[in-house]
Amino acid sequence: MADVLFFVNGLGLGNSTRCDAVIRALHARDISVAVGTSGNGLWYFKNVPHVARVEPLKELEYGAKSGALSIRETLADTGKLLETTRENARRVNSLLDDVQPKCVVTDSFYAVRPIRRRGIPLIALNNSDVVVESYLNRFDPPASVRAQFWVVEFGDYMFHRIMANAVISPNLDPALPVRHAKFHRVAPIVRDGFKENRSEGPVRHVVIMLSGSVFSSSFKLTRPGYDFRVSVVGRPHDGQSPIPDGVTYHGRVRDVRSIVEDADLMVINGGFSAVSEAYCLRKPTVVIPVPNHAEQWVNAATIRHLGVGEIGSEETLEQDMLNAVGQIGRYRTAYFDNPPKTGGAEMAADLITKYL
């Protein structure tokens with residue numbers, strides 16, 4: 001039994017860290033939570049004391065070609081995706097019987113028909129409205145993300161607009177208009193401790209954190225060394241190429257706060273959770289969007305629009321990092337024009353509590 005049942009997509013780590021922040025806020029209110037998840041989510045929520053129960057779901061996999069996200073391959077795998085959704089619907093039914101929640105919260109999870117049939121309030125953690133509004137009316141996106149936007153991101157927006165009772169939509173830019181009343185804008189949702197931690201002076205530490213999703217960027221550091229320390233989080237060293245002086249590989253880490261707190265610059269993929277945590281820490285950022293991914297490109301463009309970082313690419317990552325080091329003062333100054341936005345997890349918990 002639990003008051004709230006979370007269904008969390010386990011493809012990337014960002015869904016899990018975002019939901020965990022909300023779950024902690026609910027736990028502090030003596031609201032019990034169970035979690036259904038897959039992939040990285042099972043690793044992340046294993047032995048977490050504030051979650052009453054964790055149950056495995058079948059992982060929803062997007063199509064890939066040469067290691068990159070491919071809409072053509074995703075569409076070719078439609079039958080496989082539908083079978084995964086049907087299997088998850090069966091597992092959802094079983095979990096609903098066992099847990100008997102008063103409310104269900106989903107994060108990038110789509111087997112929701114059993115929830116709707118039972119009349120259980122369905123709340124989504126999803127900022128597809130931010131992606132759609134930014135893509136259509138604010139930025140000039142590249143052609144490479146067009147197919148993924150219309151097939152996945154716009155479809156995601158319409159799905160949640162139709163299926164959810166309410167949608168919790170975290171956002172970095174309060175000036176961005178809200179597209180529909182069902183979407184409730186909140187501050188970025190980040191884990192405990194990811195609060196303002198500004199740096200001053202020369203760059204002494206750069207954190208490269210291209211981790212989480214199976215589509216995270218690949219890269220090599222080719223210089224013999226740098227004028228600063230480099231921490232690589234989320235992946236081990238390949239065991240073959242030489243390790244430049246001052247570079248440390250940390251592998252996969254559940255709590256990265258101790259590593260990123262003293263960073264002067266962060267190099268990250270464009271998942272919203274990673275971008276939000278860097279933003280709340282007030283760290284200048286180079287965002288490397290996963291190729292062909294509209295949401296990640298929008299998140300990167302938002303960081304550039306706010307002036308606190310730049311868009312980079314897999315192929316030029318090392319040079320992008322060095323260019324950003326040279327512009328560090330400009331990015332730090334831009335943060336003074338963008339007041340901190342905090343409390344997203346508490347705002348989300350407030351909305352969920354209303355449905356209990």
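Since we're looking at a predicted model, the values are computed, not measured.

(A) Structural context of the sheet that holds strand S11 (residues 225-233). Read across the sheet, six strands follow the order S12-S11-S10-S13-S14-S15 without closing on themselves; strand pairing throughout is parallel. This sheet does not close on itself; its edge strands, each paired only once, are strand S12 (245-251) and strand S15 (309-311). Taken pair by pair, the neighbouring strands of this sheet meet at an average axis angle of 15°, ignoring direction. Here helix H9 (residues 272-280) sits on the sheet and contacts strand S13 (265-269) and strand S14 (285-288); the angle it forms with S13, its principal contact strand, is near 165°. Strands in contact with helix H11 (residues 317-326) are strand S10 (205-209), S11, S13 and S14; relative to S11, the strand with the most contacts, it is inclined by about 120°.

(B) Structural view of empty space enclosed by the protein. Inspection of every chain in the model, using the stated rule, returns two cavities of 30 Å³ or more. Taken as a whole, the second largest cavity spans an internal volume of roughly 70 Å³. In terms of lining, the second largest cavity is formed by Val130, Ser134, Arg138, Phe139, Asn171, Leu172, Asp173, Leu176, Phe272, Asn299 and Thr302. At the level of elements, helix H6 (128-137) and helix H10 (294-306) are the ones that each hand at least two residues to the lining of the second largest cavity. Tallied by class, the residues present in the lining of the second largest cavity amount to five nonpolar, four polar and two charged.

(C) Summary view of helix H12 (residues 328-336). The set of residues buried in H12 consists of Ile328, Tyr331, Arg332, Ala334 and Tyr335. For H12, the angular spread of buried residues about the axis comes to 155°, placing them on one side. Where H12 is buried, its residues meet S13, H9, S14, H10, S15 and H11.

(D) Here's a closer look at the side chain of Asp107. As for its placement among the helices and strands, Asp107 is situated in strand S6 (residues 103-107). Judged by its relative accessible area of 0%, Asp107 falls in the buried class. A polar contact is formed between the side chain of Asp107 and the side chain of Arg18, at a distance of 2.9 Å. Contact partners of Asp107, with chain neighbours within four places excluded, come to Phe7, Val8, Asn9, Asn15, Arg18, Cys19 and Leu125.

(E) Just helix H1 (residues 13-27), in detail. The end-to-end C-alpha distance of H1 is 21 Å, a good match for the 21 Å that 15 residues give at a rise of 1.5 Å each. For H1, the tally of buried residues reaches twelve of 15 residues, placing the bulk of the element in the interior. Among the residues of H1, Leu13, Asn15, Ser16, Thr17, Arg18, Cys19, Asp20, Ala21, Val22, Ile23, Ala25 and Leu26 are the ones counted as buried.

(F) Geometry of the pairing of S14. Side-chain alternation along S14 places Thr285 and Val287 on one buried face and Val286 and Ile288 on a second face that is also buried. Relative to S14, S13 is paired through four bridges, and the arrangement is parallel. Bridge pairing links Val267 to Val286 in S14. Taking the sense of rotation as the criterion, the β-α-β connection linking S14, H10 and S15 turns out right-handed.

Conventions adopted
- Residues numbered from 1 in each chain as written.
- Predicted model: local features only at pLDDT ≥ 70, side-chain atom pairs only at ≥ 80, totals over all residues.
- Heavy atoms only, no water.
- Pairing = 2+ DSSP bridges.
- Helix = DSSP H or I, 4+ residues; strand = E, 2+ residues; numbered from the N terminus.
- Axes fitted to C-alpha atoms, helices over the stretch in contact; angles between N-to-C directions.
- Contact = heavy atoms within 4.5 Å.
- 1 Å grid on protein atoms, 1.4 Å probe; cavity = no way out; pocket = protein on both sides within 12 Å on 5 of 7 lines; lining within 4 Å.
- Points joined across faces, edges and corners; volume = space filled by probe spheres on them.
- Nonpolar A, V, L, I, M, F, W, Y, C, P; charged D, E, K, R; others polar.
- Buried < 20%, exposed > 50% of the residue type's maximum accessible area, 1.4 Å probe, protein only.
- Arc of directions from axis to C-beta.
- Polar contact = N/O pair within 3.5 Å; in protein donor to acceptor, adjacent residues only side chain to side chain.
- Expected span 1.5 Å × (residues − 1).
- Right-handed = clockwise from strand over helix to strand, strands pointing away.

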